[in-house]
There are 2 protein chains.
Amino acid sequence: MKIAILGHGVVGSGTREILEERGFTVKKILEKREIPEIKDRITDDFDEIISDEEIKIVVETIGGLEPAHTFAVKTLKAKKHFVTSNKFLMSEYFGELVSLAEENGVSVRFGASAGGGIPWIHNLSRCAKTDEITEICGIMNGTTNYILDAMERKGISFSDALKTAQSLGYAERDPSADVDGYDVARKVALSVAAGFGKIIKTEDIPTFSLKAVSLKDMAYIKEKTGRSIRYKGFAKDLIGGVSAFVEPTLVKAESLESRVSENGNLITLIGKNTGRLSFFGQGAGKYPTGDTVALDVVGVAEGEGFSHIGRKVFEVKNDGIKRKYYIRTSSPAVFPYIATEEERQNERYIFTDLISVSDIHKIYEETLGKNAFIAGVEE
Amino acid sequence: MKIAILGHGVVGSGTREILEERGFTVKKILEKREIPEIKDRITDDFDEIISDEEIKIVVETIGGLEPAHTFAVKTLKAKKHFVTSNKFLMSEYFGELVSLAEENGVSVRFGASAGGGIPWIHNLSRCAKTDEITEICGIMNGTTNYILDAMERKGISFSDALKTAQSLGYAERDPSADVDGYDVARKVALSVAAGFGKIIKTEDIPTFSLKAVSLKDMAYIKEKTGRSIRYKGFAKDLIGGVSAFVEPTLVKAESLESRVSENGNLITLIGKNTGRLSFFGQGAGKYPTGDTVALDVVGVAEGEGFSHIGRKVFEVKNDGIKRKYYIRTSSPAVFPYIATEEERQNERYIFTDLISVSDIHKIYEETLGKNAFIAGVEE
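Residues numbered from 1 in each chain as written. Chains lettered and ligands numbered in written order. Predicted model: local features only at pLDDT ≥ 70, side-chain atom pairs only at ≥ 80, totals over all residues. Heavy atoms only, no water.

S.K.: Which residues make up the relation of the copies chain B and chain A, and what are the values?
M.R.: Each copy of the sequence occupies a distinct position, and chain B is placed on chain A by a rotation of 180° and an axial shift of 0.0 Å, giving an RMSD of 0.0 Å. Seen this way, the second copy is the image of the first under a two-fold rotation axis. Measuring from the rotation axis to each C-alpha of chain B, the shortest distance belongs to Phe279(B), at 2.5 Å. The share of interface residues of chain B whose copies in chain A are also at the interface is 100%, consistent with both copies meeting through the same surface. (Least-squares fit on C-alpha atoms with pLDDT ≥ 70 in both. Contact = heavy atoms within 4.5 Å.)

Given below as structure tokens:
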């Protein structure tokens, strides 16, 4: 089974090196740049790959929606397996690509699109073969974890921590996908597909941004609760729907999450048989992510089963899920559910009683506004 | 593919329920007791199972060496797949059973024999397909973790914590396999087989017992280092051998291990590509362990590849692995490597400099004797 790789960037080159070390043949690489070490195999013509009968697996590591989507569709229609690390592509076109793969008798694999170097999607899908996965949650974004850890342990500000994350190559120049939670929301949607067998739309998943977090929050929370802040995604399987949301979260000092430092990820599934199962590792990086892509290629080559995949779109329903919240706001707005409130330097520090995820988002949008920092309080 | 289960105890019955819920047929169950709900399928005659052409997979959850070993050999020679949760059997007869399986074109699976409900052996073996696993370590025994956690958080003595563990069904009446480290040593040997592709003998793996640990140690260690004690197994792949040992370990307050409470397990592999990958979950229990066994059955039924398995016996070599140690002893013996020493109530509290694992065992056996408590100090 010969392989083509679309894009020879960080993940693509890592994947190629790992596969070649294990004896796989990467016959063609789609890449516009000139790269001396692979120059005999580079092409900028995708049709050359599609028409090559020897190539049975196409690995896509370009990222973004186009041309990745066009390439994915053409690959599957040409009855070649499609392996990708692209969370944009998969969270947008999950149903279409999975159906196309089925129609054409080939596989779609997206193990590296959530969790990076952690074999998360693989284990979710595997667990679902014998267990009923009821919940998914965790730290799924290394950039925001790096920022929170640096703020907490080094006492530096959000913006300084973000700058360091950018200089280390963790954060993009436009960090909004990370700090506003869209990156985590995409990974939640993909985890839901693999673990619950349901499709949800990323834009239906509400997020509280991390942008408003400050050292004041960390100090107040530490003083009152001894807890740390982590940026977490959540999903719970419901009858006829899925609860899913992304929010800064006050994790207990005795939790595993509180010990996740730097850009580490820690993702958890809860199964009826298995109970709580957590996976810690590198959520990104050339070789960790490349390794996960390479394992998908090996799985396809070995004919590994991967059947438990969502095909139908379900609604995101957060009105039945109740949590307590921490709120820091300068708004004088009055709203129900306040359990404790304290004023410090013209800002209100609030802990709420139990309130549904839907309601807290309503309160945020209707009365508190952008400057408020809101975080869930883990039970 | 019809299935037989040998032994309808805790794990066997859990496995049966899970498999049946997923549509698998458990045709025969080897069991001496009368169990009304399965009475039409119970037999006490193993040959009835072996001679049944419809039964393609035999699941063994009896435990112990005999008759499990005889059953395993007969199963494989009858060209049926063999799935087991039996760490005694697998750590003693690994090479023989794997070779027999190969000769007869069938599989041996032992996923639940280390890690219980954690998909540890599966992921080790899977990771090894694309990565070079260099180290394995972790909390692999729930009983000893329960004891250490109860001592640390509730301030109760070792013997009281052990009694509670026994009353909860975690610890056996004879707890020596747990507290002297043989249980962990067996799991280390099986992890080495799946992760490094090498066989080592359990009796070659040196262990420091947990029995001598006391609240005095916890108080002293907390005061001097802020650390917790966990009981950990270790293995490192070496050229021409394997380093492997089991010892109480001073883990850092910022480590994931320090947050593993109750009878939780947390096991880590380090891969050249993947980096550090940790798995947390339930190391025992009817449904967690039954689920892991059931997943092995599904894997066999789906024809999943599982090739990276040790076949050759390697030596355990610990003379090149250096660590620092904590020692509490009433022995006046003089020995090198002491970094700091303090006397409290006629006992010496010692932290050593770096010393090889072989040398600390020599010092223990030759000069310190049974009453000393020794624990590795993690870097």
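S.K.: So what's going on with the packing of helix H6 (residues 142-154) of chain A against helix H10 (residues 215-225) of chain A? Residues and values would help.
M.R.: Residues and elements named next belong to chain A. Running from N to C, H6 and H10 point in directions that differ by 65°, and their axes come no closer than 10 Å. Regarding the angle of H6 to H10, the classification is roughly perpendicular. Pair H6 / H10 crosses with right-handed handedness. Contacts between H6 and H10 pair Leu148, Met151 and Glu152 from the former with Leu215, Met218 and Lys222 from the latter. (Axes fitted to C-alpha atoms, helices over the stretch in contact; angles between N-to-C directions. Helix = DSSP H or I, 4+ residues; strand = E, 2+ residues; numbered from the N terminus. Parallel < 35°, antiparallel > 145°, perpendicular 65-115°, else oblique. Left-handed = near helix turned anticlockwise from the far one by under 90°.)

S.K.: Give a detailed account of the confidence of the model for chain A, specifying residues and quantitative values.
M.R.: Here chain A averages 96 in pLDDT, while 98% of its residues score no lower than 70. Confidence estimates for the predicted assembly give a pTM of 0.97 and an ipTM of 0.97. (pLDDT = per-residue confidence, 0-100.)

S.K.: Pulling in residues and values, what's your account of the interface of chain B and chain A?
M.R.: With 41 residues of chain B at the contact, the number on the chain A side is 41 residues. A buried area of about 3600 Å², summed over both sides, lies between chain B and chain A, and 52% of it is on carbon and sulfur atoms. It is Arg126(B), Thr130(B) and Arg259(B) that lose the most area in chain B upon contact with chain A, and together they represent 20% of the buried surface on that side. The interface formed by chain B and chain A includes 2 salt bridges. A salt bridge links Lys129(A) to Glu302(B); the nearest nitrogen and oxygen atoms lie 2.8 Å apart. The interface formed by chain B and chain A holds 21 residue pairs in polar contact (both at pLDDT 80 or more) in total. In terms of residue count, the dominant contributor to the side of chain B that touches chain A is helix H11 (residues 286-302) of chain B (8 residues). Per-class residue counts for the side of chain B that touches chain A are 17 nonpolar, 12 polar and 12 charged. When strand E11 (residues 275-282) of chain A meets strand E11 (residues 275-282) of chain B, the two strands line up antiparallel, connected through 3 bridges. Directly across from Phe279(A), in E11(B), lies its bridge partner Phe279(B). (Buried area = accessible area lost by both parts, 1.4 Å probe. Salt bridge = Lys/Arg side-chain N within 4 Å of Asp/Glu carboxyl O. Polar contact = N/O pair within 3.5 Å; in protein donor to acceptor, adjacent residues only side chain to side chain. Nonpolar A, V, L, I, M, F, W, Y, C, P; charged D, E, K, R; others polar. Pairing = 2+ DSSP bridges.)

S.K.: Quick one: what's the story with the nonpolar core, residue by residue and with numbers?
M.R.: If you look at the biggest cluster of nonpolar residues, it comprises 144 residues, and the most contacted ones within it are Trp120(A), Tyr326(A), Trp120(B) and Tyr326(B). Among the elements that make up this core, the one with the highest residue count is helix H9 (residues 182-196) of chain A (9 residues). Every residue in contact with Tyr326(B), bar those within four places of it in the chain, is listed here: Asp217(B), Tyr220(B), Ile221(B), Leu250(B), Tyr349(B), Ile350(B), Phe351(B), Phe373(B), Ile374(B), Ala375(B) and Val377(B). (Core = buried A, V, L, I, M, F, W, Y, C linked by side-chain atoms within 4.5 Å. Buried < 20%, exposed > 50% of the residue type's maximum accessible area, 1.4 Å probe, protein only.)

S.K.: Quick one: what's the story with the pairing of strand E9 (residues 241-251) of chain A, residue by residue and with numbers?
M.R.: Residues and elements named next belong to chain A. Counting buried residues along E9, 11 of its 11 residues qualify, which places the element largely inside the surrounding structure. Bridge analysis of strand E8 (residues 228-238) against E9 gives 11 bridges, and the strand direction is antiparallel. Counted as the bridge partner of Leu238 is Gly241 from E9. Bridging between E9 and strand E12 (residues 315-316) involves 2 bridges; their strand directions are parallel. Looking at the pairing, Gly241 lines up with Glu315 of E12. The pairing of E9 with strand E17 (residues 373-377) spans 2 bridges and is classified as parallel. Pairing of Leu250 across the sheet is with Val377, part of E17.

S.K.: Please provide a residue-by-residue account of helix H5 (residues 120-127) of chain B, values included.
M.R.: The buried fraction of H5(B) is high, at 8 of 8 residues. Turning to H5(B), its buried residues are Trp120(B), Ile121(B), His122(B), Asn123(B), Leu124(B), Ser125(B), Arg126(B) and Cys127(B). Of the surrounding secondary structure, the elements contacted by the buried residues of H5(B) are helix H5 (120-127) and helix H11 (286-301) of chain A together with strand E7 (133-139), helix H9 (182-195), strand E10 (264-271) and E11 of chain B.

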